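Listed below, chain by chain, are the residues.
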There are 2 protein chains.
Amino acid sequence: MKRKTFGPVTSQQVAQIAGVSQSAVSRTFTPGASISPATREKVLKAARELGYRPNAIARSLNTARSRIVGVVMSYFDNQFYPQVLEALAQKLDELNYHLLLFVGDRDGNVDRIFDQIMQYRVDGIVLASVSLSIELSEECLAAGIPVVLFNRDDENGIVSSVNTDNEAAARQIAEFLLAGEHQRFAYVAGIADSSVNIARQAGFVSTLRSKGVEDIRVVQGNYDAQQTSRAARELFSSPQPPDAIFAANDHMALTVMDIARYEFGLRIPDDLSVIGYDDTGPSGWPSYALTSASQPVDEMVSATVALLMKQIESENIEPEQLVVKGALIVRHSARRPRSGVIEKDGLSLFQPQEVE
Amino acid sequence: MKRKTFGPVTSQQVAQIAGVSQSAVSRTFTPGASISPATREKVLKAARELGYRPNAIARSLNTARSRIVGVVMSYFDNQFYPQVLEALAQKLDELNYHLLLFVGDRDGNVDRIFDQIMQYRVDGIVLASVSLSIELSEECLAAGIPVVLFNRDDENGIVSSVNTDNEAAARQIAEFLLAGEHQRFAYVAGIADSSVNIARQAGFVSTLRSKGVEDIRVVQGNYDAQQTSRAARELFSSPQPPDAIFAANDHMALTVMDIARYEFGLRIPDDLSVIGYDDTGPSGWPSYALTSASQPVDEMVSATVALLMKQIESENIEPEQLVVKGALIVRHSARRPRSGVIEKDGLSLFQPQEVE
DNA sequence: CTGAAAGCGCTTACAG
DNA sequence: CTGAAAGCGCTTACAG
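Residues numbered from 1 in each chain as written. Chains lettered and ligands numbered in written order. Predicted model: local features only at pLDDT ≥ 70, side-chain atom pairs only at ≥ 80, totals over all residues. Heavy atoms only, no water.

Enquirer: Can you break down the interface of chain B and chain A residue by residue, with the values?
Expert: If you look at the interface, chain B gives 52 residues, while chain A gives 52 residues. Surface buried jointly by chain B and chain A totals about 5200 Å² across both partners, of which 58% is contributed by carbon and sulfur atoms. At the surface where chain B touches chain A, the tally comes to 6 salt bridges. Applying the counting criterion to the chain B and chain A interface returns 24 residue pairs in polar contact (both at pLDDT 80 or more). Counting residues per element, the ones that place at least two in the side of chain B that touches chain A are α4 (56-63), α5 (80-94), β2 (98-103), α6 (111-119) and α11 (250-264) of chain B. Of the pairings in the sheet, the one linking strand β2 (residues 98-103) of chain A to β2 of chain B comprises 3 bridges and is antiparallel in character. The residue bridging L101 of chain A from the neighbouring strand is L99 of chain B, located in β2 of chain B. (Contact = heavy atoms within 4.5 Å. Buried area = accessible area lost by both parts, 1.4 Å probe. Salt bridge = Lys/Arg side-chain N within 4 Å of Asp/Glu carboxyl O. Polar contact = N/O pair within 3.5 Å; in protein donor to acceptor, adjacent residues only side chain to side chain. Helix = DSSP H or I, 4+ residues; strand = E, 2+ residues; numbered from the N terminus. Pairing = 2+ DSSP bridges.)

So, in structure tokens, the structure goes:
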């Protein structure tokens, strides 16, 4: 078998120059390994000379730990996800883990991607805006690979998840709009069978119903700008258009606002109130000033990474469903109720049941 | 040495069940390898039973090809970059390559990240909004790892790059604003020593100067929303505020627009024209309708991937500086000149020198 | 077409 | 603390 003599420097070459064994080189680059300062110095000197870097791939093969976390993500046009990705990459990096990125098909088919992820023997998997079939969940469990669903629930309870309390937040949004004395409600739904959509829709609609509201329309935005535009036009073209809209995420809420203002000449919040979910970047821009239920990216990501690490290190995968606390951030896209809005850390929040 | 008996299935185990050699298993999963249909079937059957997936890490060690491309990216709040990332991940995936993501420090220090990337023996590197020291460039060259700077130039000419023609586009923007009969100009600069900022500033300022314009202010936005806000306030608070602003990217341009409208009550484009660079998502939203020099993400990414693949496969790293053609997309954030704006594919473009 | 075997670049028990 | 050696899970010349 021919072997090329150039290419990246190996520990063997360093050993030769340093006049020590290859094991000594390895130990020098293994934190906590038993090596004398003198040997260590010799090795480091030779390594520096040759420009040696340990081969992480070879190390992985030995340790059965790749220090790679596979991440599947979609919806990059919804700023929530890039923000999550940035935070994830940074937090993993701090722990000396690395992030192998996969873009999910919008049709939610993860099988092909999954195969790729598994081939790289990742130590953990984060699925953002993707759900996992029972078969694949069980395969991960069997293989000992922790999986965290980010912003999606696992209805089977096999893998872990990190979410905000979608249903509670949606209930609060309904109460906020009711307190603002709105009359005609609409919900712009995300993909119908996504867990967060189900929870948000249920919380919103059930709360309105329980207060005797009958005028509730549901249209499908499906987390897509085009479809949301169409849905919004449909709403605003109807004889009695809604005066209060909750969109299942900010990205759709912003689209609804633009259609309302620029195609139908509606004033926000005078003619129409709009509320979103995520509290992502553009929602805070003055052009929108969107009132929105927050999903605290840093906390959610920290929880995700902590969970992953715990499971990787313990080699014991006990699925956990984590819920991170969000808040209803009140800005100017929705008429404010007379009471219940408080100021905190420079933000306005809706906290009606706050008792002193 | 103890070896655990559980964990991922190995080719050895498949071989045993299938009643063939381990080599036969390997060949079954190596496209183009010499294997009889009968053996192949036996192997596939056993593999299916056991849930076998080839170990990409082990394969990498043999082939000296990880099929991983390292990507360093920052500025996730500027939608241009998430869009680039999504396209990159998708295009690489189509070629059965994978994307290891690193978040660049805003201070542009890539050394620590670089060490990580190299340890994973990536087959190629894409640096978005990051530049590379001569030392590291040469190390990559020596190691035979192709590097593409994305949206940054390599002043040393050691590594490749993919850009639009920043200087030409900036000249065109100056001409557009001159043709619109603006009087007082300002440039909101990105990080002063970033190659794209240098080119955009040079093209803009030199063109204005050559036409006798003296009233040109330059303020630093440094690709940062906070700093851009401050810079914008400074401009609008001055006795003779500008009536035409070119911001080095869309993200800063949008911030400038918000400050102008909501803090200073300026009407756009009546009181003020704003132009950006990137033509990224939010620029097309009706609330902004930003006139902007486009950077065609798909073409730039395709060019990047093609370049990378060529260099990986040829094992010959000849640096190339690619320039992708953009256009000045005319919307409503800047007063239009009387002539020079043409319609094409549903977009308005500025093409003054177009001769029939 | 097939199998035995060497080797990829490391880690890590083992014996000293 | 150190080195020789086995082994991680594959690929691939080699000989048949």
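From this point on, the discussion continues.
Enquirer: Got a sec to walk through the protein's contact with DNA strand C? Specific residues and values, please.
Expert: The immediate surroundings of DNA strand C are formed by 31 residues, with S26 and N62 of chain A together with R27, T39 and N62 of chain B found nearest. Among all atoms of DNA strand C positioned within 4 Å of the protein, those belonging to sugar or phosphate total 60%. Contact between DNA strand C and Q22 of chain A: a base oxygen at 3.3 Å from a side-chain N or O atom of the residue. Side-chain polar atom of S36 of chain B to a phosphate oxygen of DNA strand C: 2.8 Å apart, as the coordinates give it. Listed by contribution, the elements that provide at least two residues to the surface near DNA strand C are α2 (22-28) and α4 (56-63) of chain A together with α2 (22-28) and α4 of chain B. Here the element with the most residues in the surface near DNA strand C is α4 of chain A; it accounts for 5 residues. (Near = heavy atom within 4 Å.)

Enquirer: Give me the domain arrangement of chain A: which residues, what numbers.
Expert: All names here are of chain A. By domain assignment, chain A separates into domain 1 (64-151 + 297-324) and domain 2 (166-294 + 328-350). A straight line from the C-alpha centre of domain 1 to that of domain 2 covers 30 Å. Opposite the 8 residues of domain 1 that make contact, domain 2 presents 12 residues. In total, domain 1 and domain 2 occlude about 780 Å² of area from one another, counting both sides; carbon and sulfur atoms represent 43% of this. (Domains from an automatic or database assignment.)

Enquirer: Got a sec to walk through the protein's contact with DNA strand D? Specific residues and values, please.
Expert: Of all residues adjacent to DNA strand D, which total 31 residues, the nearest are R27, T39 and N62 of chain A together with S26 and N62 of chain B. For DNA strand D, a base oxygen lies 2.6 Å from a polar atom in the side chain of R27 of chain A. Between a phosphate oxygen of DNA strand D and a main-chain N or O atom of N55 of chain B, the distance comes to 3.4 Å. Contributing elements (two or more residues each) for the surface near DNA strand D: α2 and α4 of chain A together with α2 and α4 of chain B. Ranked by the residues each element gives to the surface near DNA strand D, the list is headed by α4 of chain B, at 5 residues. Its residues assigned to classes, the surface near DNA strand D shows 10 nonpolar, 15 polar and 6 charged. (Nonpolar A, V, L, I, M, F, W, Y, C, P; charged D, E, K, R; others polar.)

Enquirer: Quick one: what's the story with the environment of D123 of chain B, residue by residue and with numbers?
Expert: All names here are of chain B. By secondary structure assignment, the location of D123 is in the loop between α6 and β3 (124-128). Along the chain, D123 and D153 lie 30 residues apart, while their C-alpha atoms are 21 Å from each other. Other than its neighbours up to four places away in sequence, D123 contacts A64, R65, S66, R67, I68, Y97, I145, P146 and I312. At a separation of 2.7 Å, a polar atom in the side chain of D123 contacts the main-chain amide nitrogen of R67.

Enquirer: So, the relation of the copies chain B and chain A: which residues are in play, and what are the values?
Expert: Rotating chain B by 180° about the axis while translating it 0.0 Å along that axis superimposes it on chain A, leaving an RMSD of 0.0 Å. Here the two chains are linked by the operation of a two-fold rotation axis. Distance from the rotation axis, computed per C-alpha, reaches its smallest value in chain B at L100 of chain B: 2.3 Å. A share of 100% of interface residues in chain B that are also interface residues in chain A marks the association as one of identical surfaces. (Least-squares fit on C-alpha atoms with pLDDT ≥ 70 in both.)

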